[in-house]
Amino acid sequence: MHLKELYLTGNPCCDFEGYADYVVAKLPQLQRLDIKEILKSDRIKAQQRLPELEEGIKKSQHEYELFRDEQKRRLAAESNPNLTDEEFWKTTSENCPESRIEMAERQRKAKETEKDDDKPKKKLVQFYNKEGRPLNINHAKLEFTLSDEDPKQFVLDVFVYKYLDTSLIDVDVQPIFVRITIKGKVFQIVLPEEILTEKSAAQRSQTTGHLVLKLPRANYRPISRGVDAKGDELEVEKSGRKREYLEVEEKRDMDFSKIVENNNVVRDLYDNNDIPLLEYA
């Protein structure tokens, strides 16, 4: 055998009388036992005492087995799993495998609890403020554009990851906001005005992977152009009502074109001696 050193400190067999000599006699190749070097004389004495040591070791082993059976029954009856950690560590315990196992189990649970406390707690997503108005949220950190150039509709372009499976995307369109959930992360945007949810559409680009939503405006009224009886262009709403304009006739208070039409009046002015002549500077 290749065993050269052996440490039995803490083992129940250390309480057996003559255990050291018994081990030395049974393991002739052993050089150190419990940090103590084995001398040649120690080995000779152990060999001489081996017959009587065997009888004593067997007797001690039998007594220990009886003690352990009684100890296990007693500990099982006294066990109280409802004890808190503080109460458990204040009680005295016997030096036995059951007590050491329970202590190790308590320590393991305490470490797991500390790790859970150290983990950052996941924040709940707040979709609305205290007044119940929806909030803008971008937990997914996605880039996007919201175009309102078209008077008929809004166009929302969300830059979704190109190779993301479409089944992992959930779109919820509401009259005043749009909520997109991607792999559990939320993107929510509040719209400038109300939209028609039943006519909204969502499409996924096959080249870029972008998610494009077309959101028709609820207040949009299309305008068509017509011509009145005079041939002038009119704006007509879809409802059929005309936009009528007031006609204003051009009137002149004075007709300056006829101010010198009567020449006789002018000649009379020049021939009248009571009217002084115009002097020019």
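Quick summary incoming for the structure in this document. Only a predicted model underlies this, so the values are computations on that prediction, with no experimental measurement involved.

Moving on, we get to the overall build of the chain. Within the chain, the regular secondary structure consists of five helices and 13 strands. Across the 281 residues in the chain, those meeting the buried criterion constitute 21%. Within the chain, contacts between residues separated by at least 24 positions form 45% of all contacts whose residues are at least 6 apart in sequence. Surface accessibility of the chain: about 23100 Å² in total, with carbon and sulfur atoms responsible for 51%.

What follows deals with helix H1 (residues 19–26). Among all positions in H1, only Tyr19, Val23, Val24 and Ala25 are buried. On its buried side, H1 packs onto strand S1 (5–6), strand S2 (32–33) and helix H2 (40–78).

Right, let's talk about the side chain of Ser99 for a bit. Position of Ser99 among the secondary structure elements: in helix H4 (residues 97–118). In this structure Ser99 comes out as buried when scored by relative accessible area, which is 9%. Of the polar contacts made by the side chain of Ser99, one reaches the backbone oxygen of Glu94; its length is 3.1 Å.

Take the nonpolar core next. Leu156, Val158, Val178, Ile180 and Leu215 are the most contacted members of the largest nonpolar core, which totals 18 residues. One finds Cys13, Phe16, Ala25 and Leu33 within the second-largest nonpolar core, a separate group that totals 14 residues.

Right, let's get into H2. Here H2 is 39 residues long, yet its end C-alpha atoms lie only 49 Å apart, well below the 57 Å a rise of 1.5 Å per residue gives. Taking the largest bend as the criterion, H2 deviates by roughly 65 degrees, centred on Leu50, and proline Pro51 comes between one and four positions later. Here H2 has its buried residues at Ala46, Leu50, Leu53, Ile57, Ser60, Arg68, Gln71 and Leu75.

Below, the discussion takes up the packing of aromatic side chains. Per the stated rule, a full pass over the model turns up five aromatic pairs. Judged by centre distance (6.2 Å) and plane angle (85 degrees), the ring pair of Tyr128 and Phe177 falls under edge-to-face. Taken together, the residues Tyr128 in the loop between H4 and strand S4 (137–138) and Phe177 in strand S8 (residues 177–182) connect sequence positions 49 residues apart. Owing to a relative accessible area of 7%, Phe177 belongs among the buried residues under this scheme.

Orientation of H1 relative to H2, taken along the N-to-C sense of each, is 115 degrees, at an axis distance of 7 Å. By the angle class used here, H1 and H2 are roughly perpendicular. Crossing of H1 against H2: the hand is left-handed. Note on element contacts: H2 touches H1 through Asp42, Arg43, Ala46, Gln47, Arg49, Leu50, Leu53, Glu54 and Ile57, opposite Tyr19, Asp21, Tyr22, Val24, Ala25 and Lys26. Looking at the contact of H1 with H2, its residues break down into eight nonpolar, one polar and six charged.

Relative to the helices and strands, Ala202 resides in strand S10 (residues 201–204). Residue classification places Ala202 among the partly exposed residues on the basis of a relative accessible area of 44%. Along the chain, Ala202 and Leu215 lie 13 residues apart, while their C-alpha atoms are 8.8 Å from each other. Residues in contact with Ala202, not counting those within four places in the same chain, are Leu211, Val212 and Leu213.

With that out of the way, let us pick up the pattern of salt bridges. All told, the structure shown has ten salt bridges when counted by the stated rule. Arg68 is paired through a salt bridge with Glu98; the nearest N and O atoms lie 3.0 Å apart. With Arg68 in helix H2 and Glu98 in helix H4, the pair connects residues that are 30 residues apart, well separated along the chain. For Arg68, a relative accessible area of 11% puts it in the buried group. A cluster of three or more residues bridged by salt bridges with shared partners is formed by Glu70, Arg74 and Glu94.

Turning next to unusual backbone geometry. The phi angle at Asp34 is positive, at roughly 50 degrees, despite the residue not being glycine. With respect to the helices and strands, the residue Asp34 is situated in the loop between S2 and strand S3 (36–37). Phi at Ile35 is positive, roughly 75 degrees, even though this residue is not glycine. Note on placement: Ile35 falls in the loop between S2 and S3.

Turning our eyes to something else, we now look at the side chain of Arg217. Within the secondary structure, Arg217 sits in the loop between strand S11 (211–216) and strand S12 (223–227). Look at Arg217 and you get buried, because its relative accessible area is 13%. A polar contact is formed between the side chain of Arg217 and the side chain of Glu193, at a distance of 3.1 Å. The contact partners of Arg217, leaving out residues within four places of it in the chain, are Asp148, Asp150, Pro151, Lys152, Gln153, Phe154, Glu193, Glu194, Ile195 and Leu196.

What counts as what
Residues numbered from 1 in each chain as written. Predicted model: local features only at pLDDT ≥ 70, side-chain atom pairs only at ≥ 80, totals over all residues. Heavy atoms only, no water. Helix = DSSP H or I, 4+ residues; strand = E, 2+ residues; numbered from the N terminus. Buried < 20%, exposed > 50% of the residue type's maximum accessible area, 1.4 Å probe, protein only. Contact = heavy atoms within 4.5 Å. Areas by Shrake-Rupley, 256 points an atom, 1.4 Å probe, with all protein chains shown as cover. Polar contact = N/O pair within 3.5 Å; in protein donor to acceptor, adjacent residues only side chain to side chain. Core = buried A, V, L, I, M, F, W, Y, C linked by side-chain atoms within 4.5 Å. Expected span 1.5 Å × (residues − 1). Bend = angle between axes of the 7 residues up to and from the residue. Phe/Tyr/Trp six-rings, centres within 6.5 Å; stacked < 30°, edge-to-face > 60°. Axes fitted to C-alpha atoms, helices over the stretch in contact; angles between N-to-C directions. Parallel < 35°, antiparallel > 145°, perpendicular 65-115°, else oblique. Left-handed = near helix turned anticlockwise from the far one by under 90°. Nonpolar A, V, L, I, M, F, W, Y, C, P; charged D, E, K, R; others polar. Salt bridge = Lys/Arg side-chain N within 4 Å of Asp/Glu carboxyl O.

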